[in-house]
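Listed here are the chains, written in short residue letters.
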Amino acid sequence: MTAARPILLFDSGVGGLSVLQAVRVRLPRAPIVYAADRAGFPYGTKTAAEIEARVPALLGRLAERYDPRLIVIACNTASTIALDAVRAALDLPIVGTVPAIKPAAAVSKSRAVGVLGTPGTVIQPYVDRLASDFASDCLVIRHGSPELVELAEARLRGEPTAPDAYRRILDGLLSQPGGERIDTIVLACTHFPLVQAELEAAAPRPLTFVDGNAGIARRTAWLLRQEVWPDMPGEGVAVLIGPGAESEEFRRGLASFGLTRIERL
Ligand code: DGL
């Protein structure tokens, strides 16, 4: 009974799959429910008030239905805005995903770090605090790209995406004052590791890309270190919030992350 309780991962779309991948490495037998708020997608262009009104309520409904042992908010936008509100509303461990500015500052040699996130994330006071707490001796340059979120969604559906678009998006960081010094870029949206290879290929010079996924998985495994897991990994469940049929390509994309059952909320 207890062994069947899942870990619930939550994002607006497919971005949290990059977090799921890291969690699976640490906890290969953990039952997984992955919820995508397609009705609310995209989060990155919504106001903080909209996210704050939506996410805790939705996670409450998901927690009621799936009785998870822990929730990972696998979304930087939702975490930087609504983490405290979710923790206040739910009585179970909540792991958030926030921009990996600390590890990026630890590896940057030029002391100039780019933060590539959604427009909603890069303006958050949470990001100001991360920058002043962990990168006070670095130039921290931010760029919000809703387009890169769409490219990652398209990539999961197996659609081709144009190298030019990635170049343009990187230019949004690198062409800002001081941008020529950037040697490290934080992928501050969980969608972006899904297109890291494309970003690397489009980069005009060698750049180090950093995300927080391994750290989130480590934290999740530590919080659940005393839990009992099933002997065999079960079927992963994708919960799609909102209407709309799934294309065969989309189903295949989910299945490539072990999510072979689709349910709706
Ligand atoms: N994947 C989400 C993040 O980490 C947001 C994408 C979106 O819905 O705009 O910020």
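Let us look at the structure shown here. (Residues numbered from 1 in each chain as written. Predicted model: local features only at pLDDT ≥ 70, side-chain atom pairs only at ≥ 80, totals over all residues. Heavy atoms only, no water.)

**Side note on the sheet that holds strand 9 (residues 236–240)**
- Overall, parallel pairing links the 6 strands, which are arranged 4-3-1-2-9-10 in an open sheet. With partners counted over all chains shown, the strands left at the sheet margins are strand 4 (94–96) and strand 10 (259–264), one partner each. Taking each pair of neighbouring strands and ignoring which way they run, the sheet shows an average axis angle of 20 degrees.
- Two elements, strand 3 (residues 70–73) and strand 4, share 3 bridges in a ladder whose sense is parallel. Opposite I73, over in strand 4, you have G96 as the bridge partner.
- Sheet strands in contact with helix 1 (residues 17–26) are strand 1 (7–11), strand 2 (32–36), strand 3, strand 9 and strand 10, and its direction is about 155 degrees off that of strand 1. (Pairing = 2+ DSSP bridges. Helix = DSSP H or I, 4+ residues; strand = E, 2+ residues; numbered from the N terminus. Axes fitted to C-alpha atoms, helices over the stretch in contact; angles between N-to-C directions. Contact = heavy atoms within 4.5 Å.)

**Comments concerning the site of the ligand**
- Neighbouring residues of the ligand: 14 residues in total, closest S12, Y43, N76, T77 and H191.
- Between the ligand and D11 there is a distance of 3.0 Å, counted from a nitrogen atom to a side-chain nitrogen or oxygen.
- T77 has a polar side-chain atom sitting 2.6 Å from an oxygen atom of the ligand.
- Taken by itself the ligand offers 300 Å² of open surface, and the protein chains cover 99% of this. (Near = heavy atom within 4 Å. Polar contact = N/O pair within 3.5 Å; in protein donor to acceptor, adjacent residues only side chain to side chain. Areas by Shrake-Rupley, 256 points an atom, 1.4 Å probe, with all protein chains shown as cover.)

**Remarks on the packing of aromatic side chains**
- Under the definition given, this model contains 1 aromatic pair.
- Over the ring of Y126 we find R129; its NZ or CZ atom is 5.3 Å from the centre of that ring.
- The aromatic ring of W222 is capped on one face by R225, whose charged end is 3.8 Å from the ring centroid. (Phe/Tyr/Trp six-rings, centres within 6.5 Å; stacked < 30°, edge-to-face > 60°. Lys NZ or Arg CZ within 6 Å of the ring centre and 35° of its normal.)

**Description of the sheet that holds strand 7 (residues 184–187)**
- Taken together, 4 strands build an open sheet; the order of strands is 6-5-7-8 and the sheet is parallel. On the outer flanks of this sheet lie strand 6 (139–144) and strand 8 (208–210), each paired with one strand and no other. Neighbour to neighbour, the strand axes of the sheet diverge by 25 degrees on average, direction disregarded.
- Sheet topology note: the strand 5 (residues 112–117)/strand 6 ladder contains 6 bridges and is parallel. Paired with V115 across the two strands is R142, which belongs to strand 6.
- Where helix 8 (residues 163–174) meets the sheet, its contacts fall on strand 5, strand 6, strand 7 and strand 8, and the angle it forms with strand 6 comes to roughly 140 degrees.

**Concerning helix 6 (residues 125–134)**
- Taken together, the buried positions of helix 6 are V127, L130 and A131. Seen from one end, helix 6 has its buried residues packed into an arc of 95 degrees, which puts them on one side.
- Where the residues of helix 6 are buried, they touch helix 3 (76–89), helix 4 (101–107), helix 5 (119–122) and strand 6. (Buried < 20%, exposed > 50% of the residue type's maximum accessible area, 1.4 Å probe, protein only. Arc of directions from axis to C-beta.)

**A word on the nonpolar core**
- Of all hydrophobic cores here, the largest spans 54 residues; its most connected members are I7, L9, L17, V72, L148 and I185.
- If we ignore the near neighbours within four places in the chain, the residues touching V72 are I7, L8, L9, F10, V19, V95, T97, I216 and T220.
- Formed by 26 residues, the second largest nonpolar core is a distinct cluster that contains A35, I71, I94 and V237. (Core = buried A, V, L, I, M, F, W, Y, C linked by side-chain atoms within 4.5 Å.)

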